Amino acid sequence: AKVFIFVSLFEGFGLPVLEALQCGTPVIVSNASSLTEIVENAGILVDPNDTGDIKSALEKILSDENLYNILKKNCVADAARFNWLNTAEETIKIYNDILR
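Residues numbered from 1 in each chain as written. Predicted model: local features only at pLDDT ≥ 70, side-chain atom pairs only at ≥ 80, totals over all residues. Heavy atoms only, no water.

K.L.:
So what about the nonpolar core? Which residues, and what values?
P.N.:
By size, the foremost hydrophobic cluster in this structure holds 13 residues, and its most contacted members are Val17, Leu21, Val27, Val29, Leu35, Ile38 and Val39. Of all elements in the fold, only helix H1 (15-22), strand S2 (27-30), helix H2 (35-38) and helix H4 (65-80) reach the threshold of two or more residues within this core. Apart from the residues within four sequence positions on either side, isoleucine 38 is in contact with Phe13, Gly14, Val17, Leu18, Leu21, Asp78, Arg81 and Phe82. In terms of nonpolar packing, the next biggest core, distinct from the first, is built from 9 residues, Ile28, Val46, Ala57 and Ile61 among them. (Core = buried A, V, L, I, M, F, W, Y, C linked by side-chain atoms within 4.5 Å. Buried < 20%, exposed > 50% of the residue type's maximum accessible area, 1.4 Å probe, protein only. Helix = DSSP H or I, 4+ residues; strand = E, 2+ residues; numbered from the N terminus. Contact = heavy atoms within 4.5 Å.)

So, in structure tokens, the structure goes:
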């Protein structure tokens, strides 16, 4: 895919976005959910209720080759911040804190 658009109003985490980033696909995501924590330098945040904002972001990525290449280059780095080992370690840390 050239770009992945995921503009949900509420998202628990956003595995589809993370998968797109791992594939090197720039993303357009909602600025009204947890997706802002996943996408740092590899996508554009938009208002999910504003179709004009979504359209503008899509046009920007598809028409600006320099922007597209920058976003694409940053995909893997953004995705690399998340992995199952870190998730497990952080979860164990939370459980240990609760048990104290």
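After that view, the rundown keeps rolling.
K.L.:
Tell me about the pairing of S2, and name the residues and values.
P.N.:
By the bridge criterion, 3 bridges tie strand S1 (residues 4-6) to S2 in an arrangement that is parallel. Its bridge partner lying in S2, phenylalanine 4 is registered against valine 27. With respect to chirality, the unit in which S1 leads through H1 into the neighbouring parallel S2 is right-handed. Here 4 bridges tie S2 to strand S3 (residues 43-46), and the two strands are oriented parallel to one another. Directly across from valine 29, in S3, lies its bridge partner leucine 45. (Pairing = 2+ DSSP bridges. Right-handed = clockwise from strand over helix to strand, strands pointing away.)

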